[in-house]
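Single-letter residue listing:
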Amino acid sequence: MRLFWSQKSRLLAILIISLTFFALTGCAGTPQDILRAYSPAAAEIANLFNILFWVSVAVFVLVEGLLVFFVLRYQRRAQDEHPEQYHGNTRLEVTWTLVPALILAVVFALTIQTMGQVGPTNPPAQGIPITVAGQRWWWSIEYPEAKVRTAGILHMPTGQVMNVALHSENVIHSFWVPSLMGKTDVMPGHDNSTWIYGNIPGTYSGQCTEYCGTQHANMLFRVKVQSPEEFQAWLQSQTAPAVEPAPGSLEATGKEIFLNPNNKCIGCHSIESTDAPLQDGPNLAHFASRECFAGCIYENNRDNLTRWLENPEAMKPGNLMAKALMTLRPETPYHPLTADQVAALTAYLESLK
Ligand code: CUA
């Protein structure tokens, strides 16, 4: 009996698993890659990384090279051979202390310089203030001047600094957009600040980068860098009141279900478009205008939303909505809504452009 796979089939399995992994992790927006810099700050960080990387490569090659050389050159060649005995070599010891110290001093200076350039508390200019709140497990994004609160997608204009206040009412999260900006912790009881600046239009992936519970890895967001005109148009659209469904329509039934306190939706979600207070669930006034939901892990379409409302626990285990709805129909805690309710709510939410 063959107990182990042959080496070839094992290699093939590793290859298939790796390719599947990379295929599954590919998503909308730029990949989460600090080396693909799309902003001056990200370029500074990538540049520092490259310098540190090549310094480390040089040190590694030198040290390992010398090690291999000495092992081969000075190995014992006869049973009765003994090494020559030394007692110290001052010049050599001073050299191998000073050279690494010098390298570390240069690395330290470069790091301090980069921290000065991209430091979260040193924005290069004052721009648009926004507040980003770490939730379980999604991101709330508020534009206080325009009185707009949205979720999952941070819109910003090119060429303008966004001054970001970071807020948490639960645990520690960390705000990170690898292609645009470094990481800043999001702390309960202490609002940190950072800034983002982008001059290349595009959609960039963001990620919570501090372990914060079951769905930490699925606490994603996107940053949309747009032309100033597009950004203003978007901001304007978000200040409008939520769309009112036509009387008697499926959407109107959905709204009724949504507003009925027994169904618990309004315990956590608001459909007030502006100025709504921060709640446990995302503001849904313009839900349908967002391209993703549930911490940006699902594209926002009818199929995904239906599956989400049918069984939120299966779609994102541990999420607060699944927990809150479990008592609605105790006989089927994982399917808290009836098929009719799901259809009406889906129609209503998809109408909230
Ligand atoms: Cu939020 Cu990890």
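Residues numbered from 1 in each chain as written. Predicted model: local features only at pLDDT ≥ 70, side-chain atom pairs only at ≥ 80, totals over all residues.

Moving on, we get to the overall build of the protein chain. Looking only at helices and strands, the protein chain features ten helices and twelve strands. Relative to a compact globule of 353 residues, whose C-alpha radius of gyration would be 20 Å, the protein chain shows 27 Å and is clearly more extended. With the C-alpha coordinates aligned to their principal axes, the bounding extent of the protein chain is approximately 100 × 70 × 35 Å. Residues counted as buried form 30% of the 353 residues belonging to the protein chain. Contacts in the protein chain between residues at least 24 apart in sequence constitute 68% of all its contacts with a sequence separation of at least 6. (Helix = DSSP H or I, 4+ residues; strand = E, 2+ residues; numbered from the N terminus. Rg over C-alpha atoms; globule rule 2.2 N^0.38 Å. Buried ≥ 20, exposed ≤ 12 C-beta atoms within 10 Å, placed from the backbone. Contact = placed C-beta atoms within 7 Å.)

The next point concerns the pairing of strand E5 (residues 162–168). Most of E5 sits inside the fold, with five of its seven residues counted as buried. Bridging between strand E1 (residues 128–134) and E5 involves seven bridges; their strand directions are parallel. Bridge pairing in E5 places isoleucine 130 opposite valine 164. By the bridge criterion, five bridges tie E5 to strand E8 (residues 192–196) in an arrangement that is antiparallel. Its bridge partner lying in E8, valine 164 is registered against threonine 194. (Pairing = 2+ DSSP bridges.)

Reading across from one edge, E3-E2-E1-E5-E8 is the order of the five strands in this open sheet, with mixed pairing throughout. Looking at the sheet topology across the chains shown, the edges are occupied by strand E3 (148–151) and E8. If you compare each strand with its neighbour and ignore which way they point, the axes differ by 25 degrees on average. Relative to E3, strand E2 (residues 139–143) is paired through four bridges, and the arrangement is antiparallel. Directly across from tyrosine 143, in E3, lies its bridge partner valine 148. (Axes fitted to C-alpha atoms, helices over the stretch in contact; angles between N-to-C directions.)

Note: most peptide bonds trans; most residues except glycine with negative phi. Cis rather than trans, the peptide bond between arginine 136 and tryptophan 137 has omega equal to -10 degrees. Along the chain, tryptophan 137 turns up in the loop between E1 and E2. The residue lysine 147 is not glycine, and still its phi comes out positive at about 55 degrees. A positive phi angle, close to 60 degrees, is found at alanine 294, a residue other than glycine. Along the polypeptide, alanine 294 turns up in the loop between strand E11 (292–293) and strand E12 (298–299). Look at alanine 294 and you get buried, because 23 C-beta atoms sit within 10 Å.

Our focus in this paragraph is the sheet that holds strand E6 (residues 173–177). The strand order across the open sheet formed by five strands is E4-E10-E9-E6-E7, and the pairing between neighbours is mixed. Pairing within the sheet leaves two strands with one partner each, and these edge strands are strand E4 (153–157) and strand E7 (181–186). Strand-to-strand, the axes of this sheet are offset by a mean angle of 20 degrees, without reference to chain direction. Here E6 runs beside strand E9 (residues 202–208); their pairing, made up of two bridges, is antiparallel. Across the sheet, the residue bridging to phenylalanine 175 is cysteine 208, located in E9.

The next subject is helix H10 (residues 339–351). With 13 residues, H10 extends 18 Å between its outermost C-alpha atoms, agreeing within 8% with the 18 Å of an ideal straight helix rising 1.5 Å per residue. Taken together, the buried positions of H10 are Val342, Ala344, Leu345, Thr346, Ala347, Tyr348, Leu349 and Ser351. If you follow the buried residues of H10, they end up packed against helix H5 (250–259) and helix H7 (302–310). (Expected span 1.5 Å × (residues − 1).)

Our focus in this paragraph is the domain arrangement of the protein chain. Per the domain assignment, the segments of the protein chain are domain 1 (30–62 + 95–237) and domain 2 (250–351). A straight line from the C-alpha centre of domain 1 to that of domain 2 covers 30 Å. The element that contributes the greatest number of residues to the side of domain 1 that touches domain 2 is E3, accounting for four residues. Split into classes, the residues belonging to the side of domain 1 that touches domain 2 amount to nine nonpolar, seven polar and four charged. (Domains from an automatic or database assignment. Nonpolar A, V, L, I, M, F, W, Y, C, P; charged D, E, K, R; others polar.)

Moving on: the environment of alanine 217. Among the secondary structure elements, alanine 217 is positioned in the loop between E9 and strand E10 (220–226). Residue classification places alanine 217 among the partly exposed positions, given that 14 C-beta atoms sit within 10 Å. In sequence terms alanine 217 and isoleucine 297 are 80 residues apart; their C-alpha atoms lie 9.9 Å from each other.

For lysine 353, the position within the fold is in the segment after H10. Sequence-wise, lysine 353 and glutamine 238 are 115 residues apart; in three dimensions their C-alpha atoms are separated by 8.9 Å. Excluding its chain neighbours within four sequence positions, the residues that come into contact with lysine 353 are Val243, His286, Ala288 and Ser289.

The two faces of a sheet get side chains in turn, since along a regular strand they alternate between them. Across the five residues that make up E6, a large majority, five, are buried. Neither face of E6 is open: one carries His173, Phe175 and Val177, the other Ser174 and Trp176, and all of them are buried. Of the strand pairs in this sheet, E6 and E7 are connected by four bridges, and their pairing is antiparallel. Note on E7: the bridge partner recorded for valine 177 is methionine 181.

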